[in-house]
Amino acid sequence: MTYLSRRDFLKLSATTISSLAFSPFLPGPGSFNDAEQVRVATNSVSVYSEPTDQSLIVRQYFRDELVHIYKEIDAGSPAYNPTWYRVWGGYIHRGRVQKVKTILNKPLDTFPDGWRQPAELTVPYSQAMRYTKTYGWQPNLRLYFGSVHWINGMDEGPDGEPWYRIYDELVGFPYHVRAIHLRPIPFEEWSPISPEIPLEDKRIEVNLGTQTLTAYEYEQQVLQTNISSGITTVKRNPNDLSTQTPTGEFRIITKYPSKHMGNGNLFATPEDYELPGVPWTSFFHAAGYAFHGTYWHDNFGTPMSRGCVNMRIEEAKWLFRWARPFHESGRIYTPGYGTLVVITP
């Protein structure tokens, strides 16, 4: 038998308690920590001594670190996004962080034949795993709060607990995520909004100058919000897709409740352009430009994308439900001649 010295025991206890304290998955199913938190959504963010980037930098937080918010402050600058968060030791701007919660879910009990359902991630992040007979369980993509994924079954995961099987239309083979980290979304939550309004009496207008999106029924405004359109970059190859959002008149042509954007590389690094589970995606251009929810920044009001129109997740969900073609339960995607989109410089 091996005995621990008091010193080793205290060291082990401190390590265990520390690991629990920083685990975003500690609460039981259905519960959550109501203290406001943000996740660092880029390589790093700076903490400033005052709510301005002209003040002294006092420390850094790094990708996927969770930071407690004590207060939100409207600092007046930058004008398009003047919100700063008071955190331990100073202030961080909200542009490159994501507000998150930790809500654990009871796994489903039954799975009808041919069943498939979108589910949203309700924890700050979750490590997906893939099983092969050759290598066993291996980590691959990290999934983030607010992303949406198709689940079509459940298996015993590497920890012996239930893990949902994820169908990824880009990857082509399944991987798994802890079932308690995903909330299946019932169809009534994403069913069509005002389907009785005729096709030609709804339209979406995007103004790239003001970085705003406005939706109209007849001539009445039903939504107006800030968006982030495409940035301006120099094309290295003439065949590269432009990162600027195109202007002109378009139609919603295809909609996906969940879309994997990128190359389908399961082992991509966080710096690679690999975005699984992009939620509530409505394509308006055959080259791949779309409206969609965004979990990798909160900097709406200024260009941030590679050409798509970035939206807050709940607003992208509303637009997805409201715009034609209307989506049917269980379908991976729905094509059709949809709502008019007018994009002006």
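Preceding block: the structure.
Residues numbered from 1 in each chain as written. Predicted model: local features only at pLDDT ≥ 70, side-chain atom pairs only at ≥ 80, totals over all residues. Heavy atoms only, no water.

(A) Representation of the side chain of K202 in the model. Position of K202 relative to the elements: it lies in strand β16 (residues 202-207). Within the buried core, K202 has no salt-bridge partner, and the shortest N-O distance to an opposite charge, that of E217, equals 4.5 Å. In terms of polar contacts, K202 uses its side chain to reach the side chain of S194, at 2.9 Å. A polar atom in the side chain of K202 sits 2.7 Å from the backbone oxygen of W322. Each residue touching K202, except ones within four places of it in the same chain, is listed here: I193, S194, I197, Y216, E217, W322, F326, T339 and L340. (Helix = DSSP H or I, 4+ residues; strand = E, 2+ residues; numbered from the N terminus. Buried < 20%, exposed > 50% of the residue type's maximum accessible area, 1.4 Å probe, protein only. Lys, Arg positive; Asp, Glu negative; His and termini not counted. Salt bridge = Lys/Arg side-chain N within 4 Å of Asp/Glu carboxyl O. Polar contact = N/O pair within 3.5 Å; in protein donor to acceptor, adjacent residues only side chain to side chain. Contact = heavy atoms within 4.5 Å.)

(B) A look at the environment of L121. Looking at the secondary structure, you find L121 in strand β9 (residues 117-121). Separated by 25 residues in the primary sequence, L121 and G146 place their C-alpha atoms 5.4 Å from one another. Those residues within four positions of L121 in sequence are excluded, and the remaining contacts are S126, L143, Y144, F145, G146, S147, V177, H181 and L182.

(C) Representation of the pattern of salt bridges within the structure. Going through the model one piece at a time under the given rule, you end up with 15 salt bridges. Of the charged contacts in the structure, one is a salt bridge between K99 and E72, with a shortest N-O distance of 2.5 Å. With K99 in strand β8 (residues 97-100) and E72 in strand β5 (residues 71-74), the pair connects residues that are 27 residues apart, well separated along the chain. As a salt-bridge pair, D109 and K106 come within 3.4 Å of each other at their nearest N and O atoms. Judged by its relative accessible area of 64%, D109 falls in the exposed class.

(D) Here's a closer look at the packing of aromatic side chains. According to the stated counting rule, one finds 14 aromatic pairs in the structure shown. Ring geometry for Y256 and F283: centres 5.9 Å apart, planes at 80°, overall edge-to-face. Of the two residues, Y256 is situated in strand β20 (residues 254-261) and F283 in strand β21 (residues 275-283); the sequence distance between them amounts to 27 residues. Using a relative accessible area of 11% as the deciding quantity, one classes F283 as buried. One aromatic cluster in this structure is built from F187, W190, W280 and F320. Just above the ring of Y61 sits the side chain of R59; from NZ or CZ to the centre is 4.1 Å. The side chain of R116 reaches across the aromatic face of W150, ending 5.9 Å from its centre. (Phe/Tyr/Trp six-rings, centres within 6.5 Å; stacked < 30°, edge-to-face > 60°. Lys NZ or Arg CZ within 6 Å of the ring centre and 35° of its normal.)

Read these as layout, nothing more, since geometry by itself doesn't imply function.
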